[in-house]
Amino acid sequence: MRMFDIIAKKRDGGVLSREELEFAVMGFVNGQVPDYQMSALLMAIYLRGMTEKETAQLTDVMAHSGDMVDLSAISGIKADKHSTGGVGDKTTLVIAPIVAACGVKIAKMSGRGLGHTGGTVDKMEAVPGTQTAVDRERFFAQVNEIGISVIGQSGNLAPADKKMYALRDVTATIGCVPLIASSIMSKKLAAGSDCILLDVKTGNGAFMKTLDDSIELAKAMVSIGQHNGRKVAALITDMDTPLGHNIGNSLEVIESVEVLKGHGPADLTEVCYQLAANMLYLAGKGSLEECRRMAEEAVASGAAYEKLKQMFAAQGGDVSVLDDPDKFQKAKFSRPLLAAESGYLVRMNTEMVGNASVCLGAGRITKEDTIDFAAGIVLHKKTGDKVEAGECLATLYADHEEKFAAAEEMFRAALTFGPAPEPVPALVMARVT
Ligand code: URA
């Protein structure tokens, strides 16, 4: 077999066999296939696409390029979820404990913030003392003992994806459904859970900006999971507006606790219930309606909040900050942003709002940056709200006053006002199974 022939076959619109995909991907991981040949193949895939079966096989080959986590040492059904990334998206911290409190195991590896979007591992580390680098043995033991652990990605998970993603990033081959779907799903398959719920964000703060593109990506990922023997479903959820009111790491932990205590913002609460119900449904806990009720009861009884506290305590976190958010370290400075005019807030450029939060220190601009856990934004007005001149639109938090100017400029530029309200997108737009 020659890489040259594999590239030519895809260039001419052919369908690659499993053996050919294995030759290309494993050769690339082992250093036998050079960057320039893999780049050419990625561009051929970008231009010619892949069949469902081909995409599923590519994903399986990528997943098997490193460790396949074997969760069989953990009893019962294990469920995972993946968000394609958003602003204010703290749903994992809410739904993982809900699902665990309903008896489905969560052995989850999460990521850090990327670009304008936040990451669960960074949010968890905002709780002082929390360990997210946990060895496999302790990870399994914790899930067996209390039913839940969320840690950072560890081991050698899907190294083919890491190398291929780095090439895609510099060869204009990121925005291609089979490549995005195989990239995300290779890591999910390698992480070992039986059920995987995908939260595909759509809108101006999401990776996928339109509903059609989001549905296409969701269908590709669901098909990959099903071809590889996992129970998978996807919800398409709105990211035209940040989720909830709080953006930034400590701020998002505080808001997650509010949802688990039954008094979180309506949009975040609703999305969390729908995600949790779908995870429980995939795990075979009943009909969607029964699963929704189960999720609501886990919050109403306090069981889900207790599960969150158990998880943080087991990972070394100081849970007193969850009970009393005033104990979180505070940002040194805050700046209220007042509305200059009256009207309706008709649009928020969510990516710009996320970037404003990164400017304040809540995310990384370079890989080496450290996160300021207290930095971020609390939104007092969101898309659809009526605003009077002089009302507070948002409060910015940072440890250095000089960070406010750029963040304020970006935040204000992200908002569009109009004389009348305009329709806002539904929170959950589609379900793909
Ligand atoms: N996230 C991933 O993990 N991979 C992609 O290709 C895009 C988003």
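Residues numbered from 1 in each chain as written. Predicted model: local features only at pLDDT ≥ 70, side-chain atom pairs only at ≥ 80, totals over all residues.

If you look the protein up in an unreviewed UniProt entry, it shows as Pyrimidine-nucleoside phosphorylase from Allofournierella massiliensis. Per UniProt, the protein carries the Sequence similarities (unreviewed entry) text "Belongs to the thymidine/pyrimidine-nucleoside phosphorylase family." As its UniProt record puts it under Subunit (unreviewed entry), the protein is described as follows: "Homodimer." (UniProt positions renumbered as here; feature names shortened; annotations may be inferred.)

Novice: Give a description of the UniProt feature "domain: Pyrimidine nucleoside phosphorylase C-terminal" (unreviewed entry) in the protein that names residues and reports values.
Specialist: Sites flagged by UniProt as "domain: Pyrimidine nucleoside phosphorylase C-terminal" (unreviewed entry) map to residues 344-418. The span residues 344-418 is 31% helix and 29% strand, and its two end C-alpha atoms sit 5 Å from each other. (Helix = DSSP H or I, 4+ residues; strand = E, 2+ residues; numbered from the N terminus.)

Novice: Talk me through the sheet that holds strand β10 (residues 386-387); I want residue IDs and the actual numbers.
Specialist: Sheet strands associate in pairs through backbone hydrogen bonding, adopting either a parallel or an antiparallel arrangement. Ordered in space as β10-β8-β12, the three strands form an open sheet in which the pairing is antiparallel. On the outer flanks of this sheet lie β10 and β12 (415-418), each paired with one strand and no other. The pairing of strand β8 (residues 343-348) with β12 spans four bridges and is antiparallel. By the bridge assignment for β12, R347 is matched with T416. (Pairing = 2+ DSSP bridges.)

Novice: Account for the site of the ligand, naming residues and giving values.
Specialist: Neighbouring residues of the ligand: Y165, I180, S183, I184 and F207. The residue inventory of the shell around the ligand, partitioned by class, reads four nonpolar, one polar and no charged. (Near = placed C-beta within 6 Å. Nonpolar A, V, L, I, M, F, W, Y, C, P; charged D, E, K, R; others polar.)

Novice: Talk me through helix α3 (residues 35-48); I want residue IDs and the actual numbers.
Specialist: Along an α-helix, a turn takes 3.6 residues, which lines up residues three or four apart on a common side. Taking 1.5 Å per residue as the helical rise, α3 with its 14 residues ought to reach 20 Å, and the 20 Å between its terminal C-alpha atoms agrees with that figure. Within the span of α3, buried status applies to M38, L41, L42, A44 and I45. For α3, the buried positions fall inside an angular range of 160° around the axis, keeping them on one side. Those residues of α3 that are exposed and aimed more than 90 degrees away from the buried face are Y36 and L47. Taken together, the buried residues of α3 touch α1 (3-11), α2 (18-30), α8 (159-170) and α9 (177-191). Of the residues one or two after α3, G49 is the one with positive phi, at around 75°. (Expected span 1.5 Å × (residues − 1). Buried ≥ 20, exposed ≤ 12 C-beta atoms within 10 Å, placed from the backbone. Arc of directions from axis to C-beta. Contact = placed C-beta atoms within 7 Å.)

Novice: Any chance you could break down unusual backbone geometry for me, citing the residues and the numbers?
Specialist: Apart from glycine, the bulk of residues carry a negative phi angle, and the bulk of peptide bonds sit in the trans form. A positive phi angle is found at A158, which is not glycine, with a value near 45°. Relative to the assigned elements, A158 resides in the loop between β3 (148-152) and α8. The residue A172 is not glycine, and still its phi comes out positive at about 55°. Take A172: it is sitting in the loop between α8 and α9.

Novice: So what about the domain arrangement of the protein? Which residues, and what values?
Specialist: Domain boundaries in the protein define domain 1 (3-49), domain 2 (71-156 + 169-323) and domain 3 (330-418). Computed over C-alpha atoms only, the centres of domain 2 and domain 3 are separated by 25 Å. Facing 21 residues of domain 2, the contacting portion of domain 3 comprises 23 residues. Where the side of domain 2 that touches domain 3 is concerned, the elements lending two or more residues are β6 (246-247) and α11 (249-260). Among the elements that line the side of domain 2 that touches domain 3, the one with the most residues is α11, at three residues. (Domains from an automatic or database assignment.)

Novice: Which residues make up the sheet that holds strand β5 (residues 231-238), and what values do they have?
Specialist: With mixed pairing, the four strands of this open sheet are ordered in space as β1-β4-β5-β13. Of all strands in the sheet, those with a lone pairing partner are β1 (79-83) and β13 (428-432), marking the two edges. The sheet shows a mean angle of 15° between the axes of neighbouring strands, taken without regard to direction. (Axes fitted to C-alpha atoms, helices over the stretch in contact; angles between N-to-C directions.)

Novice: Which residues make up the environment of K330, and what are the values?
Specialist: If you trace the backbone, K330 turns up in the loop between α15 (320-323) and β7 (333-338). Residue K330 is classed as exposed on the basis of its 12 C-beta neighbours within 10 Å. Here the alpha-carbon distance between K330 and F373, two residues 43 residues apart in the chain, equals 9.0 Å.

Novice: Tell me about the pairing of strand β4 (residues 195-202), and name the residues and values.
Specialist: Walk down a regular strand and you will see the side chains alternate between the two sheet faces. By the criterion of burial, β4 is predominantly enclosed, with eight of the eight residues buried. The alternating pattern of β4 places C195, L197, D199 and K201 and I196, L198, V200 and T202 on opposite faces, both of which are buried. As judged from the five bridges shared by β1 and β4, these two strands associate in the parallel manner. Bridge pairing in β4 links A79 to C195. Direction of pairing for β4 relative to β5: parallel, over a ladder of eight bridges. Following the sheet pairing, I196 is matched in β5 by V232. Between β4 and its parallel partner β5, the chain crosses via helix α10 (residues 211-227), and the hand of that crossover is right-handed. (Right-handed = clockwise from strand over helix to strand, strands pointing away.)

Novice: Got a sec to walk through the packing of α3 against α8? Specific residues and values, please.
Specialist: Close contact between α3 and α8 brings their axes to 10 Å; oriented N to C, the two are set at 75°. Overall, the two elements α3 and α8 adopt an arrangement that is roughly perpendicular. Across the interface between the two elements, D35, M38, S39 and L42 from α3 touch M164, L167 and R168 from α8. Along the lines of polarity and charge, the residues of the contact of α3 with α8 split into four nonpolar, one polar and two charged. (Parallel < 35°, antiparallel > 145°, perpendicular 65-115°, else oblique.)

Novice: Tell me what's going on with the confidence of the model for the protein, and back it up with residues and numbers.
Specialist: Low pLDDT marks regions whose predicted coordinates should not be analysed in detail. With 100% of its residues at a pLDDT of at least 70, the protein reaches an overall mean of 96. For this predicted complex, the interface confidence reaches an ipTM of 0.95, while the overall pTM sits at 0.95. (pLDDT = per-residue confidence, 0-100.)

Novice: So, the environment of C272: which residues are in play, and what are the values?
Specialist: Among the secondary structure elements, C272 is positioned in helix α12 (residues 266-282). Sequence-distant contacts of C272, that is, excluding residues within four places in its chain, are made with T91, V94, I95 and V259.

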